[in-house]
Amino acid sequence: MTKLRLGPIVDDRPVRLTVELPAAVHRDLVEYGRLLARESGQAEIAVAKLISPMLARFMGADRGFRKLRGER
């Protein structure tokens, strides 16, 4: 079975943002949340809970971003 890149979603103190997503991206996020919940044994994961860890993982994997920030 294919392993998803995100692990269990950690409950953290949020900062509220309003974003506009294309419908196709929203549908994919809903499906990703459903599959991640099934894979990790969690309850259904809302789209809003997925966005933050996805962005964090994306930025953490961006070597150029880390280099410009002064991290290794």
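Residues numbered from 1 in each chain as written. Predicted model: local features only at pLDDT ≥ 70, side-chain atom pairs only at ≥ 80, totals over all residues. Heavy atoms only, no water.

For the chain, the name recorded in an unreviewed UniProt entry is DUF2274 domain-containing protein, with Acetobacter fallax as its organism.

K.L.:
Lay out the overall build of the chain in plain terms, naming residues and giving numbers.
P.N.:
The secondary structure content of the chain amounts to 3 helices and 0 strands. Listing every helix and strand of the chain by position from the N terminus yields α-α-α. Considered along the principal axes of its C-alpha atoms, the chain spans approximately 40 × 30 × 25 Å. For the chain, with 72 residues in total, the buried portion stands at 14%. Partitioning the contacts of the chain with sequence separation of at least 6, the portion at a separation of at least 24 is 59%. For the chain, the exposed area adds up to about 6,500 Å²; of that, 56% sits on carbon and sulfur atoms. Of note, the chain has its 14 positive side-chain charges centred 7 Å away from the centre of its 9 negative side-chain charges. (Helix = DSSP H or I, 4+ residues; strand = E, 2+ residues; numbered from the N terminus. Buried < 20%, exposed > 50% of the residue type's maximum accessible area, 1.4 Å probe, protein only. Contact = heavy atoms within 4.5 Å. Areas by Shrake-Rupley, 256 points an atom, 1.4 Å probe, with all protein chains shown as cover. Lys, Arg positive; Asp, Glu negative; His and termini not counted. Charge placed at Lys NZ, Arg CZ, Asp CG, Glu CD.)

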